[in-house]
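# Descriptive analysis of the structure
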Amino acid sequence: MKENVIILGAGIAGLAAAERLRESGINSVIFEKDNTYGGLCNSFQIGGFTFDTFAHISFDKNTESWLENRTPYYKHEPEALNYDRGIWLRHPVQNNLFGLPVEERIEIIKGFISRKKDGNPENYAQWLQQIYGKYFAEKYPYRYTRKYWTVEPDQLEPKWVQGRMYEPSLDEVLRGVMTSDTPGVHYSKEAHYPQNGGFKSFLAPMEKSARILYNKNTYQFDPVKRRVIFQDGCVVEYDYIISTVPLPEICKEIINIPDDVKKASESLYYTSGVMVSLGINRGNISPALWYYIYDEDILPARIYAPDWKSKSNVPDRCSAIQCEIYYSKFRPLRESLDEVMDKTVHQLLKLGLFKEDEIIVKDVRMKKYANIIFTPEIYEARNNVHHYLDQNGIYYAGRFGEWDYLWVGQSLLSGRRAAEKCIQDIKRTRK
């Protein structure tokens, strides 16, 4: 089997790459290891409930024409809450401290005023202390880092966080201490979500015009002979290739890969995510569209409410929640998925959002690759792998191909950029 352009992975980056190629009159075929498209943007249905693969909303103005304008959607204000030791606080916490005990608010203010912002922080822990003060950093983002990133804050480098966490002024902190009437400071004022079918519906127009072969898991990859062997024995030769496969995985599959490149790929760390999805036989159980849980003895780091995004995600007079729990090499999963689900349900019952006899749907599933962990080794290791792929004519795209903290819109643009590089190479070859 011989193809001009093949794409590995039918997630948002792979689909966007195929669409950009098609716009230039270039045909391609996508090989997807699962039995459906979407990747981390997939949605799934259970017992009349629709859940996404982790929480997703769209807020990137640069991708509206490709992602949203072809699918009916709802508009939301991106409001969220935080749960800490029985107290609900508006998000972000640093601007909304009004619900905390007075003594704790005083300590946070003192820490904020006395923080030192001189010099470049060596790690994420130092960055947090410089921006928010030592007391707040230890009480909130330190704890959340352990749950979401599965490491201590000083194990992360700080560059990845730029523009992703709000840096308040003293006036904003003081206002949030004295009143709950605070302005929204989310990086987007408006979020979009499909009216029907879950977040995956945003990808459906791209999927309809793409040629996709499913259940095609790669086994061996030969960039010299330009061929891919799949686990089902299928051998595909290609002229050009775009990969959205996680870098550690593709480096395992490339034959005769240099030892230093393989070693570099092994120092690219990531979190795996467990999703516990619950359908509830009662409406309006959630206090917000999504919320963060700081208590370290409660497994979920983040919870979202599918029915807040779209009522079509749940049957009539029902609600739903999905919990995200993270593991990694640094904090391995030591229980079965069913044990994680049972423990999560038991812990959530204590929050008082629902009763056990109101649960009518329970589901648990895991994704091996959820997020990139930004340890200090990441940049040199990533550059080494990317340099090797560049030398061997392998274009890469998406969160795990670029190996970066990409949101949905950024992943779409990543796929289009990879396709554009491929298009330019094809044009040069034809001259």
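Anything mentioned here points back to the structure above.
Description of the structure in this document. (Residues numbered from 1 in each chain as written. Predicted model: local features only at pLDDT ≥ 70, side-chain atom pairs only at ≥ 80, totals over all residues. Heavy atoms only, no water.)

## Notes on the pattern of salt bridges
Definition in use: Salt bridge, as used here, is a side-chain nitrogen of Lys or Arg placed within 4 Å of a carboxyl oxygen of Asp or Glu. What counts as a helix is a DSSP run of H or I of at least four residues, what counts as a strand is a run of E of at least two, and both are numbered from the N terminus.
Per the stated rule, a full pass over the model turns up 31 salt bridges. Residue Glu23 is joined to Arg416 by a salt bridge in which the shortest nitrogen-to-oxygen separation is 2.9 Å. Here Glu23, found in helix H1 (residues 12-23), pairs with Arg416, found in helix H15 (residues 408-430); they are 393 residues apart in sequence, far enough to count as distant. For Asp404, the salt bridge is made with Arg382, and the minimal N-O distance between the two is 3.9 Å. Residue Asp404 is located in the loop between helix H14 (398-402) and H15, and its partner Arg382 is located in helix H13 (residues 378-391); the two are separated by 22 residues in the primary sequence.

## Quick notes on the sheet that holds strand S6 (residues 80-84)
Two orientations exist for strands paired in a sheet by backbone hydrogen bonds: parallel and antiparallel. So the rule is basically this: Note on pairing: DSSP must find at least two bridges between two strands before they are called paired. Axis lines are fitted through C-alpha atoms, for helices just across the contact stretch, and the angle between N-to-C directions can take any value from 0 to 180 degrees.
If you walk across this open sheet you meet the seven strands as S7-S6-S14-S15-S16-S13-S17, and the pairing is mixed. This sheet does not close on itself; its edge strands, each paired only once, are strand S7 (87-90) and strand S17 (359-372). Between one strand axis and the next, the sheet turns through 25° on average, direction left out of account. Pairing between S6 and strand S14 (residues 290-293): four bridges, direction parallel.

## A look at unusual backbone geometry
Operational definition: When a residue's accessible area, from a 1.4 Å probe over protein chains only, is under 20% of the maximum for its type it is buried; when over 50% it is exposed; and in between it is partly exposed.
The step from His91 to Pro92 runs through a cis peptide bond, and the omega angle for that step is 0°. For Pro92, the location among the structural elements is in the loop between S7 and helix H3 (102-114). If you check the backbone angles, Asn215 has positive phi at about 55° while not being a glycine. Within the element layout of this structure, Asn215 appears in the loop between strand S9 (212-213) and strand S10 (218-222). Phi angles above zero are rare outside glycine, and Arg226 is one such case at about 55°. Relative to the assigned elements, Arg226 resides in the loop between S10 and strand S11 (227-230). You can call Arg226 partly exposed: its relative accessible area is 31%.

## So, the packing of helix H4 (residues 124-132) against helix H6 (residues 141-148)
Here is the rule we go by: With respect to orientation, any angle under 35 degrees is reported as roughly parallel, any angle over 145 as roughly antiparallel, any angle of 65 to 115 as roughly perpendicular, and every other angle as oblique. Crossing handedness is defined as follows: a turn of the near helix away from the far one that is anticlockwise and smaller than a right angle gives a left-handed crossing, while the clockwise case is right-handed. Pairs of residues are marked as contacts when any of their non-hydrogen atoms sit within 4.5 Å.
Here H4 crosses H6 at 150°, and the two axes come no closer than 11 Å. By the criterion of interaxial angle, the relationship of H4 to H6 is roughly antiparallel. When you trace H4 past H6, the crossing you get is right-handed. On H6, the residues that touch Tyr124, Ala125, Leu128 and Gln129 of H4 are Pro141, Tyr142 and Thr145.

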